[in-house]
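Structural description and commentary
What follows is each chain in one-letter form.
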2 protein chains.
Amino acid sequence: MPVRPTLTPALLRAGHASRSFSSAGGALRMASAAKPFHPDEPSVPVLKTPIPGLKAAAAIEQLNRVFDTRSINMMADYTQSVGNYLADPDGNMLLDVYAQIASIPVGYNNPALRKAAQTPEMVDAIINRPALGNFPSHTWAGILESGVLKVAPRGLSNVYTAMAGSDANELAYKAAFMYKRQQERGGPDVEFTTHEMESVMNNQSPGSAQLSILSFKSSFHGRLFGCLSTTRSKAIHKLDIPAFDWPQATFPQLKYPLDQHEAENAQAEQDSLDEVEHLLKTWHLPPAAVVVEPIQSEGGDNHASPAFFQKLRALTRKHNVLLIADEVQTGVGATGKFWAHEHWNLEDPPDMVTFSKKAQAAGYYYSSTDLRPNKPYRQFNTWMGDPSKALLFRAIIDEIHRLDLVNHTARVGQYLYEQLEGLARAHPEHFQNLRGKGQGTFIAFDNPKRDAFLAKAKQFGVNIGGSGAQAVRLRPMLTFQEHHVDILIGALEKVAKAL
Amino acid sequence: MPVRPTLTPALLRAGHASRSFSSAGGALRMASAAKPFHPDEPSVPVLKTPIPGLKAAAAIEQLNRVFDTRSINMMADYTQSVGNYLADPDGNMLLDVYAQIASIPVGYNNPALRKAAQTPEMVDAIINRPALGNFPSHTWAGILESGVLKVAPRGLSNVYTAMAGSDANELAYKAAFMYKRQQERGGPDVEFTTHEMESVMNNQSPGSAQLSILSFKSSFHGRLFGCLSTTRSKAIHKLDIPAFDWPQATFPQLKYPLDQHEAENAQAEQDSLDEVEHLLKTWHLPPAAVVVEPIQSEGGDNHASPAFFQKLRALTRKHNVLLIADEVQTGVGATGKFWAHEHWNLEDPPDMVTFSKKAQAAGYYYSSTDLRPNKPYRQFNTWMGDPSKALLFRAIIDEIHRLDLVNHTARVGQYLYEQLEGLARAHPEHFQNLRGKGQGTFIAFDNPKRDAFLAKAKQFGVNIGGSGAQAVRLRPMLTFQEHHVDILIGALEKVAKAL
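Quick look at the structure, then. (Residues numbered from 1 in each chain as written. Chains lettered and ligands numbered in written order. Predicted model: local features only at pLDDT ≥ 70, side-chain atom pairs only at ≥ 80, totals over all residues. Heavy atoms only, no water.)

**Looking at the overall build of chain A**
Our working rule: Numbered from the N terminus, helices here are DSSP runs of H or I no shorter than four residues, and strands are runs of E no shorter than two. What the globule rule says is 2.2 Å times the number of residues to the power 0.38, and the radius of gyration is computed from C-alpha atoms. Exposed residues in this analysis have more than 50% of their type's maximum accessible area, buried residues have under 20%, and partly exposed residues fall in between, with area computed by a 1.4 Å probe over protein chains only. Note on contacts: a residue pair is in contact if any heavy atoms of the two residues lie within 4.5 Å. Note on areas: these come from Shrake-Rupley sampling with a 1.4 Å probe, and a residue is covered only by the protein chains present in the view. In this tally, Lys and Arg are treated as positive and Asp and Glu as negative; His is ignored, and so are the chain termini. Charge positions are represented by NZ for Lys, CZ for Arg, CG for Asp and CD for Glu.
When helices and strands are tallied, chain A shows 17 helices and 14 strands. For 499 residues, the compact-globule estimate of 2.2 N^0.38 gives 23 Å, and the C-alpha radius of gyration of chain A, at 23 Å, lies within 12% of that figure. Each principal axis of the C-alpha distribution contributes one length, and for chain A these read about 75 × 60 × 45 Å. Taking all 499 residues of chain A together, the buried fraction comes to 66%. Pairs at least 24 residues apart make up 74% of the contacts formed inside chain A by residues separated by at least 6 positions. Of the roughly 17000 Å² that chain A leaves accessible, carbon and sulfur atoms contribute 52%. Measuring between centres, the 50 positive side-chain charges of chain A sit 4 Å from its 50 negative side-chain charges.

**Notes on the nonpolar core**
For clarity, the threshold we go by: Think of a nonpolar core as a cluster: buried Ala, Val, Leu, Ile, Met, Phe, Trp, Tyr and Cys residues, connected wherever their side-chain atoms sit within 4.5 Å.
In terms of nonpolar packing, the biggest core is built from 234 residues, with Y365(A), F393(A) and F393(B) touching the most fellow members. Among the nonpolar cores identified, the runner-up in size contains 35 residues, and V412(A), L434(A), A457(A) and F460(A) belong to it.

**Re the packing of helix 15 (residues 405–426) of chain A against helix 17 (residues 482–498) of chain A**
All names here are of chain A. We count it as follows: Each axis is a line fitted through C-alpha atoms, and for a helix only the stretch in contact is used; angles between axes span 0 to 180 degrees, taken between their N-to-C directions. The scheme is simple: roughly parallel for angles under 35 degrees, roughly antiparallel for over 145, roughly perpendicular for 65 to 115, oblique for anything else. Whether a crossing is left-handed or right-handed is set by the direction in which the near helix is turned from the far one by less than a right angle, anticlockwise for left-handed and clockwise for right-handed. As a working rule, the residues Ala, Val, Leu, Ile, Met, Phe, Trp, Tyr, Cys and Pro are called nonpolar, Asp, Glu, Lys and Arg charged, and the rest polar, with Gly in that last group.
Direction vectors running N to C along helix 15 and helix 17 enclose 25°, while the axes themselves pass 10 Å from each other. Between helix 15 and helix 17, the angle falls in the class roughly parallel. Considering the relative orientation of helix 15 and helix 17, their crossing is right-handed. Here H408, V412, Y415, L416, Q419, L420 and L423 of helix 15 lie close against helix 17, whose contacting residues are E482, V485, D486, L488, I489, L492 and E493. Its residues placed into classes, the contact of helix 15 with helix 17 shows nine nonpolar, two polar and three charged.

**A short note on the side chain of D167(A)**
Applied cut-off: Every case where a carboxyl oxygen of Asp or Glu lies within 4 Å of a side-chain nitrogen of Lys or Arg is listed as a salt bridge. Here a polar contact is recorded for every N or O atom pair within 3.5 Å, except that within protein the pair must consist of a potential hydrogen donor and a potential acceptor, and residues adjacent in sequence are included only if both atoms are side-chain atoms.
Along the chain, D167(A) turns up in helix 8 (residues 165–185). Salt bridges are absent for the buried D167(A), whose nearest opposite-charge side chain, R129(A), sits at 8.4 Å. Looking at D167(A), its side chain comes within polar contact range of the main-chain nitrogen of M163(A), at 3.2 Å. Not counting chain neighbours up to four residues away, the residues in contact with D167(A) comprise A162(A), L224(A) and L224(B).

**Some details on the sheet that holds strand 7 (residues 322–326) of chain B**
One key point about sheets: their strands pair by backbone hydrogen bonds, in either a parallel or an antiparallel sense. All names here are of chain B. The line we're drawing: Strands pair, by our definition, only if DSSP identifies at least two bridges between them.
The strand order across the open sheet formed by seven strands is 3-9-8-7-6-4-5, and the pairing between neighbours is mixed. Looking at strand neighbours, the two that pair on one side only are strand 3 (158–162) and strand 5 (248–249), the edges of this open sheet. Summarising the sheet, strand 6 (residues 287–292) and strand 7 pair through four bridges and their orientation is parallel. Each residue of the ladder has a partner; that of V292, found in strand 7, is A325. The sheet strands contacting helix 8 (residues 165–185) are strand 3, strand 4 (212–216), strand 6, strand 7, strand 8 (352–355) and strand 9 (362–366), and the helix crosses strand 8 at an angle near 160°.

**Focus on helix 3 (residues 54–64) of chain B**
Let me state the cut-off plainly: In this description, the arc belongs to the directions extending from the helix axis to the C-beta atoms.
All buried positions along helix 3 of chain B are accounted for by A56(B), A57(B), A59(B), I60(B) and L63(B). Angular distribution of buried residues about the axis of helix 3 of chain B spans 160°; they occupy a single face of the element. Seen from the buried face of helix 3 of chain B, the exposed residues on the opposite side, beyond 90 degrees, are L54(B), K55(B) and E61(B). Contact partners of the buried residues in helix 3 of chain B: helix 7 (140–145) of chain A.

**Describing the packing of aromatic side chains**
Heads up, the rule is: Each aromatic pair joins two rings of Phe, Tyr and Trp (for Trp, the six-membered one) with centres within 6.5 Å, and gets the label stacked for planes under 30 degrees apart, edge-to-face for over 60, and tilted for any other angle.
Under the definition given, this model contains 50 aromatic pairs over all chains. Aromatic side chains F225(A) and F177(B) sit 6.0 Å apart centroid to centroid with 70° between the ring planes, which places their arrangement in the edge-to-face category. Residue F225(A) is located in helix 10 (residues 225–228), and its partner F177(B) is located in helix 8; the two belong to separate chains. We note that F225(A), like F177(B), is buried.

**Quick look at the interface of chain A and chain B**
This is how the line gets drawn: Take the accessible area each of two parts loses on contact, using a 1.4 Å probe, and add the two losses: that sum is the buried area.
Each partner contributes residues to the interface: chain A has 122 residues there, and chain B has 122 residues. For the pair chain A and chain B, the summed buried surface comes to about 11000 Å²; carbon and sulfur atoms form 60% of the total. Seen at the junction of chain A and chain B, the total is eight salt bridges. As a salt-bridge pair, D240(A) and R181(B) come within 3.8 Å of each other at their nearest N and O atoms. Along the contact surface separating chain A from chain B lie 69 residue pairs in polar contact (both at pLDDT 80 or more). When residues of the side of chain A that touches chain B are assigned to their parent elements, the largest contribution, eight residues, is made by helix 8 of chain A. Taken together, the residues that form the side of chain A that touches chain B break down as 60 nonpolar, 36 polar and 26 charged.

**Examining the relation of the copies chain A and chain B**
Selection rule: Residues reaching a pLDDT of at least 70 in both copies supply the C-alpha atoms on which the copies are superposed by least squares.
Least-squares fitting of chain A to chain B yields an RMSD of 0.0 Å, with the transformation described by 0.0 Å of translation along the axis and a rotation of 180°. Such a combination of rotation and displacement between the chain copies is what one expects of a two-fold axis. Proximity to the rotation axis, assessed at the C-alpha, singles out F225(A) in chain A; its C-alpha lies 2.9 Å from the axis.

**Considering the sheet that holds strand 2 (residues 93–96) of chain A**
All names here are of chain A. Here three strands make up an open sheet; going across it, the order is 1-2-12 and the pairing mixed. Taken across any chain shown, the strands that pair with only one partner, and hence form the sheet edges, are strand 1 (85–87) and strand 12 (462–463). Here strand 2 pairs with strand 12 via two bridges, running parallel. By the bridge assignment for strand 12, L95 is matched with V462. Lying on the sheet, helix 17 is in contact with strand 1, strand 2 and strand 12; it crosses strand 2 at an angle near 105°.

**As for the pattern of salt bridges**
Going through the model one piece at a time under the given rule, you end up with 46 salt bridges over all chains. The salt bridge partner of R185(A) is D240(B), with a shortest N-O separation of 2.6 Å. Here R185(A), found in helix 8, pairs with D240(B), found in the loop between helix 11 (235–238) and strand 5, and the two come from separate chains. Of the two residues examined, R185(A) and D240(B), each falls in the buried class. When the shortest N-O distance is used, the salt bridge between D301(B) and R475(B) registers 2.3 Å. With D301(B) in the loop between strand 6 and helix 13 (306–318) and R475(B) in the loop between strand 14 (471–474) and helix 17 (482–498), this pair connects stretches of sequence that are 174 residues apart.

The following block contains the structure:
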């Protein structure tokens, strides 16, 4: 069980000292008084008890009897949560810039999503879940076209739906392996050999491909066996799980501020690309694809320049290897583009883009029907996605368009970044390596006492997540506004002073 | 695109020759006139057009532009489907004994599920999907206790929720690997070594375990990279995908009728067990677990006796290896027990039981908190299941209990089996190796012209699936009743005569 914080006068006061949160913004440029997207939100965080309070602690104890609760951050009450505010059973309401590990797109209890969840279409999708590969609904094409495909990345007009980010990645890897082997075999019409058909039943080559996926150090692509072999974030994610002997290249480790380290950063990127090329040419299991996050998220919010990604794309073309952009965390608007890889300005788009989290649905977009395996039932499973999640994604997309949330997030992100720059000047030791400029609200900084920083933030009314070894990552929802920035900045300043 | 059947007079007649379906039961023992569970069902299948008709063909063409449609069996209209009847856009209504690859539990558009899908709880779960490991809802324990845990297999009081059958299996495998390595390491309190922590980041041992999962030939455990390495159903499921070098034992290939092959079948089972023991003792990557389906489903509906499973459990105990029962297809009532492994009468239950499909939710039950990894975040992902599916499973469980559907399925299965025995006597070449006696409606038989058999069945108003190379598998819903049996038997007889 989490350690129960002592009930201090400061904490008790916090619930009543609401103004202090926003007045901290007094020293800051005042945000424009934009119309709130969520009029029912509290104007400031509400702290009634330490977290966890008595009710939360009881709920954790009850849950622990049947479910592993050791990773609990906070027991939540979603019925009372609203917009950017996460409620708990004791009546606390925290400004939430973690958003269920970056997976809540348009606020808790969003009325538009509530409406979508109550439509006959949604009810039908929930109670009559189809095996989409065998018995799709006659409405499935329309649901895809009016939703998930409406936001398809440029050049990627097909989609294969999945359940979550990790299986979306694995399915993309499978498509890559089948495509590569098909090329080696001589095209889609060349039949499998008897040797292939027999050896694969023993998990041996040539039926089982002796190929790999190249990923980057400190990347995160999920935790199933295939994607975990490409995940290189933390040992605890991987220990004791068998893994494929697949290659990893160093991801550029940029220095900040960027404008003071241009030459070294360019060199770091070139070194990384050289390593990628070396591995593509020499690894004993040849890579069928390179998988990369536009911003390494779980691994500590590591960025690279558009030039890096452009050259990476060129390298994959040169060596006839597919490029998979893993947009599970970066996709759906938070970077100020709908897809983060739009920042790369590629002429030649990635071959596949995977998505989940804020989409609530999941899957991969792909560029060409050549990437459809040459026979049916090769990329197949019982459900192949979930129409109820596709309907939800459609409602999310509609809400994003209605409120112009991608452009909004670009603007708010700029404001947030400027405020953080101010904090970093005042408290450089607490806001190190500030990064994410021009990337919407997808912003992070390092703090040497990161875990204490995050715990303390809760006491000042803000729920924040970490990533990597010492990054504080901001992952607010798309409806995060300037007045939320002010509250957040006020709380961060208090944390810095209190640590 | 599927071949469009020619519009024949026989097909056109079929839509009007309703009585012929049920009157085929005239030669059979009449079913008791039980109260129908789905009063809105048609009394017999409705065939208005060939399948696919014009509307279905147009919908397939539309879908094919954006989604791989080559595995389409039939375009469906779920809004018009009811109970055991699957509708299509042309107004055809087929008696469905395939049920979305065995995943529809209590009928299309079941009113009780409809009600559950419209509750405020469900709406909340859909629009506020939590990261269950970090921010569970205060209602989560109650949802588990009143649902998924209410039907926990005897001796397995914990659950880890997942998204679908394949990831449920992978998570169980991960738990097995962590458990096994913990034992080797000397217990939960022994820390990882630096060598382990470092090597695992390169996907190398000792951090990456040099262990395996033992599965059986012709088994199916899903198609993600880890579970696909244990799947041994068909080459097309596995070709070109890298696989772990894990061991497989021969599953007993029983001969039918069982009472005429007792000695050889017992020998086949003993041979299989001997092979398992040999592999457990000698495989170069020692197995951490044995995974087995109570009835191999995708692999062709292969059964083994309770004695086989009892001895298998004993073998795993003897060699300190975990036993995972994969109940993804067999679970949730269709075998006349809630869990098929209840037929084994084990004193010592399996260590883990995985579930999905008819549960709509997914996950694994486990026997002991010792199987919880020794640290948090080792078995973790963003969503860790889906409360909306857990709520749906709860409603399914309530419906199963309200209608006593497990006992019902045992009874109807017995009636169905007897009718099939009659057909097999009359048409032995079409109903070979009838199997599943005493296993509820989980019944199959072989037909040398299986694919033609299934196609023809549609023309007589019945949707049936296949498995393995030549099995016709019956996977009706739990609300399949005696009067449906009569319609099914009538159609099967017509198919046999027409082939």
